[in-house]
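Coordinate analysis (summary)
Each chain, letter by letter, is given below.
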Amino acid sequence: MSAAIEVAALHARFAGRTVLDDVSFTVPWGAVTGFIGVNGAGKTTTLRRIVGLDGRQGAPRAGIARVAGRAFEQLVDPCSVLGYCPDALGAAPGQSAAQHLEALALRARLGRDATRRALDDVGLTGATGRIRSFSLGMRRRLAIAGALLGAPRVLVLDEPFDGLDPAGRRWLSERLREHADRGGAVLLSAHALDEIEPLLDRVVCLHDGRVRFEGDTEAFLRSHAARVVLVRSLDQPRLAAALGAHGATVHARAGGAIAVRGLEALEIARVGAAVDVLVTELTPRRTTLSAAFGAAIEELR
Ligand SMILES: Nc1ncnc2c1ncn2[C@@H]1O[C@H](COP(=O)(O)OP(=O)(O)OP(=O)(O)O)[C@@H](O)[C@H]1O
């Protein structure tokens, strides 16, 4: 079976500047894949290519993007295969949520049931006002409803957590987890990395229009983690100076602890013993996705 999404050798240029440079990756079934990168890395440009939107006129295009083995234009019933949540809603402000979704459903030859289900799914059944009066979170829910309309197997979501309140974020995480656990595929871009880390099975990291990492989230954390150990001792200044002389980076933390980067816990204990300082606490801190991402970007600079 082909992968849920295959992207191969995508290139894009805007105004003489390369925005995507040989972008290739795959998104498997049954998993949530995070598409991460700094502002302007090229995430939206890539996602739009996957979903067959090349609205940004004049951009020379090259490469292949396939969903469930086919280019978007060749999908027989695209809405049942692929759902897309854009970063901005792009709805007529005078319409209601139901009218907006009905127009999408009509284009996709879906019945009114699909609209009702999608509104219910995202918790907007009671939202009868016009879209212009919607909060940011309601707009985001409506954009997500558009992606869910045809009950597709592949979801491509551009910053879907943006604007959602904590309950909405929890709901979306659970909804996406269920989708992947039922065998579907999710590709989503996001910036609040630590919040979504538990949801992400895989990570594709894009920087300056190039894929710099593709693989399991755990592997990303391992390979880009600058490990930190929280340390207490009976003589912190003396220990800090000795650790510094052994190449570690040391930062003072609230409560008298020091955060040490660049040495393992055992090495720190040995340095302490060598300078006659009794180390009383060594707590390795688990690396967060945002810290690993920061380290990955730092390495690329
Ligand atoms: N229509 C356009 N004309 C000119 N440049 C564009 C156009 N669309 C995108 N770009 C440029 O392409 C680069 C990548 O943009 P893109 O929106 O894909 O990044 P992104 O990773 O999604 O960023 P963000 O996290 O801020 O949403 C940016 O430098 C952007 O300015």
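All values derive from a computational prediction rather than experimental measurement.

**Details of the nonpolar core**
Residues Leu-142, Ile-144, Leu-157, Leu-176, Leu-188 and Phe-220 are the most contacted members of the largest nonpolar core, which totals 47 residues. If you count residues domain by domain, this core takes at least three from each of domain 1 (5–222) and domain 2 (225–300). Residues contacting Leu-142, with those up to four places away along its chain left out, are Leu-89, Ala-97, His-100, Leu-101, Leu-124, Ile-131 and Phe-134.

**A closer look at the pattern of salt bridges**
Scanning the model with the defined rule gives ten salt bridges in all. Arg-169 is the partner of Glu-195 in a salt bridge, and the nearest nitrogen-oxygen pair spans 2.9 Å. Here Glu-195 is found in helix 7 (residues 193–196), whereas its partner Arg-169 is found in helix 6 (residues 166–181), with 26 residues between them in sequence. Take Glu-195: its relative accessible area is 44%, and that puts it in the partly exposed class. Residues Asp-201 and Arg-177 are paired through a salt bridge, measuring 3.0 Å at the closest nitrogen-oxygen approach. Of this pair, Asp-201 sits in the loop between helix 7 and strand 8 (202–207) while Arg-177 is found in helix 6, placing the two residues 24 residues apart along the sequence. Judged by relative accessible area, which is 23%, Arg-177 ranks as partly exposed. Because the salt bridges share partners, they merge into one network encompassing Arg-177, Asp-181 and Asp-201.

Conventions used here
- Residues numbered from 1 in each chain as written.
- Predicted model: local features only at pLDDT ≥ 70, side-chain atom pairs only at ≥ 80, totals over all residues.
- Heavy atoms only, no water.
- Core = buried A, V, L, I, M, F, W, Y, C linked by side-chain atoms within 4.5 Å.
- Buried < 20%, exposed > 50% of the residue type's maximum accessible area, 1.4 Å probe, protein only.
- Domains from an automatic or database assignment.
- Contact = heavy atoms within 4.5 Å.
- Salt bridge = Lys/Arg side-chain N within 4 Å of Asp/Glu carboxyl O.
- Helix = DSSP H or I, 4+ residues; strand = E, 2+ residues; numbered from the N terminus.

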